[in-house]
Amino acid sequence: MTSVLGLFDSGVGGLTVLRRILERHGAVRCIYLGDTARVPYGCRSPEEIRSIAVEVVRWLRQQGVTTVVMACNTTNALARDVAEGQAGVPVIGLIGAASAMVRERRVGVLATAATVASGAYRTSIEALHPGTQVLEQACPDFVPLIERGDLHCDQLRRAVETYLEPLMANSVQSIVLGCSHYPLLAPLMRQILPEDVRLIDPALGVTHQLDALLGPPSARKQSADCLKLCRLCVTADPEGFCDRAAPWLGERPRVELVQLQS
Ligand code: DGL
């Protein structure tokens with residue numbers, strides 16, 4: 001049976017995961033759902049996040065996906081169990097994948113307020129690497145600013161400086177980008193951070209986990225047409241999503257507006 005990956009996020013963030021998957025695995029059938037009607041997730045209550053996850057995963061299942069990739073750390077942190085219950089197919093998340101990539105003893109985690117409050121990253125990293133110091137920083141301003149589409153605005157730069165400051169003051173050696181929107185800010189972060197601080201993109205760990213399903217990267221041909229096998233769907237504002245996605249994907253994708261309620 002051909003694999004169909006179902007990815008979801010609140011908005012454009014999960015495209016950073018999709019891009020990593022396409023970079024490593026080439027032409028893969030994917031259905032991507034950006035729940036733009038409800039972005040951001042990160043300021044919502046655990047109950048809301050869990051009921052959103054159920055609805056989104058149910059919709060992906062109705063589309064016939066064979067594996068769900070939670071391209072959203074916030075739902076991974078708070079709703080992994082209900083997503084698995086709903087999916088009926090294997091579910092892959094970012095938090096375990098990122099934790100497995102940690103090598104340093106002092107690690108910072110940038111994430112949404114809901115993810116930080118859940119303690120999911122701390123628990124996962126400490127379980128895999130006992131004795132590691134984990135410093136978590138909630139970044140509530142990032143997602144709303146990123147979803148506005150201007151990654152070079154002064155407000156975003158100031159927010160990056162503000163959120164990185166406590167991590168640098170504690171001399172972290174690596175920083176987990178614990179929200180799938182944040183890899184979009186990696187170039188800005190690199191300008192501010194000391195060179196020896198490593199940025200960890202959880203999506204890279206996910207792409208390696210997918211080798212078991214999709215085969216090793218060399219077995220696939222990378223092609224500019226990879227995106228043609230992907231169906232991109234949103235719950236609001238397809239045009240705006242398309243504008244924001246284009247620079248990141250390297251072309252203007254076709255985007256469908258969908259309703260989740262069956
Ligand atoms: N990109 C998502 C995450 O990884 C959700 C961010 C949000 O909507 O607040 O956490």
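Residues numbered from 1 in each chain as written. Predicted model: local features only at pLDDT ≥ 70, side-chain atom pairs only at ≥ 80, totals over all residues. Heavy atoms only, no water.

> What's the story with the sheet that holds strand β7 (residues 174-177) in this structure? I'm lost.
Strands in a sheet are paired, the pairing made by backbone hydrogen bonds, and the direction either parallel or antiparallel. The four strands lie next to each other as β6-β5-β7-β8, forming an open sheet whose pairing is parallel. Sheet topology places β6 (133-138) and β8 (198-200) at the edges, where each strand pairs with a single neighbour. Ignoring which end each strand starts from, the neighbouring axes of this sheet average 25° apart. Taken together, the six bridges between strand β5 (residues 106-111) and β6 define a ladder with parallel strand orientation. Each bridged residue has a counterpart across the sheet, and for R106 the counterpart in β6 is Q133. Sitting on the sheet, helix α6 (residues 120-128) is in contact with β5, β6 and β7, with an inclination near 160° to β6. (Pairing = 2+ DSSP bridges. Helix = DSSP H or I, 4+ residues; strand = E, 2+ residues; numbered from the N terminus. Axes fitted to C-alpha atoms, helices over the stretch in contact; angles between N-to-C directions. Contact = heavy atoms within 4.5 Å.)

> So what exactly am I meant to see when it comes to the packing of aromatic side chains here?
Aromatic rings in a pair are described by how distant their centres are and how their planes are angled relative to each other. Taken as a whole and judged by the stated rule, the model has three aromatic pairs. Measuring from centroid to centroid gives 4.9 Å for F142 and Y163, while their planes differ by 85°, and the two rings are edge-to-face. Taken as a pair, F142 in helix α7 (residues 142-148) and Y163 in helix α8 (residues 154-169) lie far apart in primary sequence, 21 residues in all. With respect to class, F142 is no different from Y163; both count as buried. (Phe/Tyr/Trp six-rings, centres within 6.5 Å; stacked < 30°, edge-to-face > 60°. Buried < 20%, exposed > 50% of the residue type's maximum accessible area, 1.4 Å probe, protein only.)

> Would you mind showing me how to read the nonpolar core here?
Considering soluble globular proteins, one finds that nonpolar side chains tend to be buried as a cluster. L7, L15, L18, L110, F142 and M189 are the most contacted members of the largest nonpolar core, which has 55 residues in total. If one sorts the elements of this core by residue count, α8 sits on top with six residues. Apart from the residues lying within four places of it in its own chain, the contact partners of L7 are G14, V17, L18, I21, C30, I31, Y32, L33, L60, V69 and A71. The next biggest cluster of nonpolar side chains, apart from the first, holds 20 residues, and it includes W59, L60, V68 and M70. (Core = buried A, V, L, I, M, F, W, Y, C linked by side-chain atoms within 4.5 Å.)

> I would appreciate a short explanation of the side chain of S180 in the present structure.
In this fold, S180 is placed in the loop between β7 and α9 (186-192). Residue S180 is classed as buried on the basis of its relative accessible area of 4%. Within the structure, the side chain of S180 is placed 3.5 Å from the side chain of D9, a separation counted as a polar contact. A polar contact of 2.7 Å, which involves the side chain of S180, links it to the backbone oxygen of A71. Those residues in contact with S180, other than ones at most four positions away along the chain, are D9, G13, G14, T16, V17, A71, C72, N73 and L94. (Polar contact = N/O pair within 3.5 Å; in protein donor to acceptor, adjacent residues only side chain to side chain.)

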